[in-house]
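# Fold and contact review
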Amino acid sequence: MPLLSSEPIRARCLVKSNLVSTRANVANNRMPNIKVFSGTSHPDLAQRIVDRLGIDVGKVVTKKFSNLETCVEIGESVRGEDVYIIQSGSGEVNDNLMELLIMINACKIASASRVTAVIPCFPYARQDKKDKNGDIPEKDNNRSRATVKCNEWKFRELFRDFVIGNQSRAPISAKLVANMLSVAGADHIITMDLHASQIQGFFDIPVDNLFAEPAVLKWIKENIPEWRNSIIVSPDAGGAKRVTSIADRLNVEFALIHKERKKANEVASMVLVGDVKERIAILVDDMADTCGTICHAAEKLTEAGATKVYAILTHGIFSGPAISRINNACFEAVVVTNTIPQDGHMKECPKIRCIDVSMMFAEAVRRTHNGESVSYLFSNVPY
């Protein structure tokens, strides 16, 4: 019986191994190209980011139908691409959020390899817990005042029951937004200075929460000559961790303003904890909307003997009477980042200064795309 030659078997094995190695090399070398799209909320920031990355903004057409439904058309192929959608939670928040969800879904069902939502200012971040300190309804105000005059404990019992009832029905809207982004198809979130860091726990996908602190430190050192004689102040107890971190890195002291609300329908009183006399007070907060708190805090600091008062905020929303309050307040400058468009605000109020954080988002996008660590950005500003 003739022996079977081993040559054909060896040849087949070699061919098979070559095919396997070729496929492995293709798989290892193939990395999705990057595509960056911009929503309508902050096109200037998106343009700054892509300029830093050395690419162009992706083609996308956004329009509204006559019934105000949002329509989004992605104008180029995203199949197998690493997609980044830049949309801030500012301006018309609900429309911008819906636009972001539609853009994410459009890219996902067009076979994008990965979709990352870059949300500089996270919408609904302040609604992160069941905490509704509402007032007595208007129709009960007269009855409530009468109750206070005749028997204070009855009023307290009524108000306590009202607040507890409100708490049980208060929404956690930040969690709802997290669910919506995940269901739309987002694979990753990049944001900055969340109102509460615990919001990251609302997601089952990776969330990179960048910090404006490195850019804030850089601005202080470059624009406040007497910064070594400064004191970092938090306008409420919630920002204590933020101000202690900045104070430690500047090697200066910090102070805290404690707000008290004794009765319903009564303006909150403020108690300053710390010595600001003959010092430059730097108020630091993550967000300013109507600016009632920071303006009241600035007044308190001036009364306590501060020589100058600065306010440094990550997200300058400035809605309602905010601009007029800042114009009438005793600030040397109110410094904000461009996570929200500030051109209009800066024209109305000469005290507002803007820190550009586009390089931080651009570097976060680049590092995410290349599979590198993002933690460098937590303590450094990329140049």
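Residues numbered from 1 in each chain as written. Predicted model: local features only at pLDDT ≥ 70, side-chain atom pairs only at ≥ 80, totals over all residues. Heavy atoms only, no water.

## Some remarks on the pairing of strand β3 (residues 70–74)
Cut-off, in case you're wondering: Whether two strands pair comes down to DSSP finding at least two bridges between them. Helix and strand labels come from DSSP, where a helix needs a run of H or I of at least four residues and a strand needs a run of E of at least two; each type is numbered from the N terminus.
The sheet contact formed by strand β2 (residues 60–64) and β3 spans five bridges and is antiparallel. By the bridge assignment for β3, V60 is matched with I74. Between β2 and the antiparallel strand that follows it, β3, lie five residues; L68 among them carries a positive phi value of about 70°.

## Some points on helix α3 (residues 93–109)
Threshold: Working rule for helices: expected span equals 1.5 Å times residues minus one. Burial classes: relative accessible area under 20% of the type maximum marks a residue as buried, over 50% as exposed, and values in between as partly exposed (1.4 Å probe, protein chains only).
Between its terminal C-alpha atoms α3 stretches 24 Å, which fits the 24 Å expected from 17 residues at 1.5 Å a residue. Of the residues making up α3, those classed as buried are N96, L97, E99, L100, L101, M103, I104 and C107.

## Quick notes on the environment of E76
Heads up, the rule is: Any two residues having at least one pair of non-hydrogen atoms within 4.5 Å are treated as being in contact. Two N or O atoms form a polar contact when they lie within 3.5 Å of each other; inside protein one atom must be a possible hydrogen donor and the other a possible acceptor, and for residues adjacent in sequence the pair counts only when both atoms belong to side chains.
One can find E76 in the loop between β3 and β4 (82–86). Filtering out sequence-adjacent residues up to four positions away, E76 remains in contact with K35, F37, G58 and K59. Within the structure, the side chain of E76 is placed 2.6 Å from the side chain of K35, a separation counted as a polar contact. Within polar-contact distance, the side chain of E76 engages the backbone nitrogen of K59 at 2.7 Å.

## Re helix α7 (residues 213–223)
The α-helix advances 3.6 residues per turn, and as a result positions three or four apart in sequence lie on the same side. Taken together, the buried positions of α7 are occupied by E213, P214, A215, V216, L217, W219 and I220. Residues of α7 that are buried sit in contact with α8 (240–250), β11 (280–288), β12 (308–316), β13 (333–337), β14 (352–355) and α12 (358–369).

## Here's the deal with the pairing of β13
The following threshold applies: When the strands point away from the viewer and the path from the first strand over the helix to the second turns clockwise, the crossover is right-handed.
Most of β13 is tucked away, with five of its five residues classed as buried. Residues A333, V335 and T337 point to one face of β13 and V334 and V336 to the other, with burial holding for every one of them. Across four bridges, the pairing between β12 and β13 is parallel. Bridging across to β13, A311 finds its partner in V334. Tracing the backbone out of β12, into helix α10 (residues 322–328) and back to the parallel element β13 gives a crossover that is right-handed. Bridge analysis of β13 against β14 gives four bridges, and the strand direction is parallel. Counted as the bridge partner of T337 is I355 from β14.

## Considering the nonpolar core
Heads up, the rule is: We call a set of buried Ala, Val, Leu, Ile, Met, Phe, Trp, Tyr and Cys residues a nonpolar core when their side-chain atoms join them within 4.5 Å. The start and end points of each domain follow an automatic or database-based domain assignment.
I220 and I232 are the most contacted members of the largest nonpolar core, which has 43 residues in total. Residue contributions to this core peak at six residues, all from α12. In this structure, this core is formed jointly by two domains, domain 1 (34–127 + 172–210) and domain 2 (212–355), each of which donates at least three residues. When neighbours within four sequence positions are excluded, I220 is seen to be in contact with W227, L250, I282 and I312. One finds I85, I119, A174 and A196 within the second-largest nonpolar core, a separate group that totals 31 residues.

## Things to note about the pattern of salt bridges
Filter applied, for reference: Salt-bridge detection follows one rule: a side-chain nitrogen of Lys or Arg within 4 Å of a carboxyl oxygen of Asp or Glu.
This model, assessed by the stated rule, comprises 16 salt bridges. The salt bridge involving E73 is made with K63; its shortest N-O contact spans 3.6 Å. Note that E73 is positioned in strand β3 and K63 in strand β2, a separation of ten residues in sequence. Classification of K63 by relative accessible area gives partly exposed; the value is 39%.

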